Amino acid sequence: MKKYFFIMLFLGLSSVTLAQASKAASEDFNDFFKKFNADPKFQVSRVIFPLKYKANNDDFELIDYTMTKEKYKVLHLNNKADEKYLKRTLSVKKNKATLEQRGLDNGIYIDYIFELKDNKWFLKTFVDQST
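> What's the story with the overall build of the chain in this structure? I'm lost.
Across its full length, the chain carries 3 helices and 6 strands. Secondary structure elements of the chain, listed N to C terminal, follow the sequence α-α-α-β-β-β-β-β-β. Put simply, the chain has 131 residues, and 27% of those count as buried. A fraction of 40% describes how many contacts in the chain between residues 6 or more apart in sequence connect residues 24 or more apart. Surface summary for the chain: the accessible area is close to 9,600 Å², and the carbon and sulfur share equals 56%.

Below is the structure:
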């Protein structure tokens, strides 16, 4: 009976280990972000459409908007030439990443929010409070 118990315990632990090993590893955000900025087709494939976002209207009120895939314009979020005009801060947590862009005396104030979904990163939304 003990022999049977140990065999079942071994098989049970083996199946748990195999199941954990077969799970796909989550995509590295930095690798994703490089490709997101370098490849426009990849970028469009990694945006959740319709893209819901917030932006200031003419009265500087934050309003909800929705953008279709057809209206989407490719973003250049890591352009080195912008560094003299922008400060960028990236915060990556387990399932969420936020890129904050703050203008240096130019009114730019945008947060881009990325989400890990099925082990792949996607642009979920952005909030543009620029003035």
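There is more to say, and it comes next.
> Is there a simple way to explain unusual backbone geometry in this structure?
Among all residues save glycine, negative phi is the norm, and among peptide bonds the norm is trans. In this structure, Pro50 follows Phe49 across a cis peptide bond, with omega equal to -5 degrees. Position of Pro50 relative to the elements: it lies in the loop between α3 (40-45) and β1 (51-56). A positive phi is found at Phe60, a non-glycine position, where the angle reads about 60 degrees. Its place among the elements puts Phe60 in the loop between β1 and β2 (62-67). Phi is positive for Asp105, which is not a glycine, with a value near 60 degrees. Relative to the elements of secondary structure, Asp105 occurs in the loop between β4 (96-103) and β5 (109-117).

The rules behind each value
Position numbers for residues start from 1 in each chain and track the written sequence from start to end. Per-residue local features of the predicted model are confined to residues with pLDDT of at least 70, and side-chain atom pairs are confined, for both listing and counting, to 80 or more; whole-chain, interface and lining totals are unaffected and use all residues. No hydrogens and no water enter the side-chain calculation; it runs on all heavy atoms of the structure. In DSSP terms, a helix is any run of H or I states spanning at least four residues, a strand is any run of E spanning at least two, and both are numbered starting from the N terminus. The buried label applies to any residue whose accessible area, calculated with a 1.4 Å probe on protein chains only, is under 20% of its type's maximum; exposed applies above 50%, and partly exposed to all values in between. Whether two residues are in contact is decided by their heavy atoms, any of which lying within 4.5 Å being enough. Accessibility throughout is a Shrake-Rupley quantity obtained with a 1.4 Å probe, and a residue counts as covered only by protein chains that appear here.

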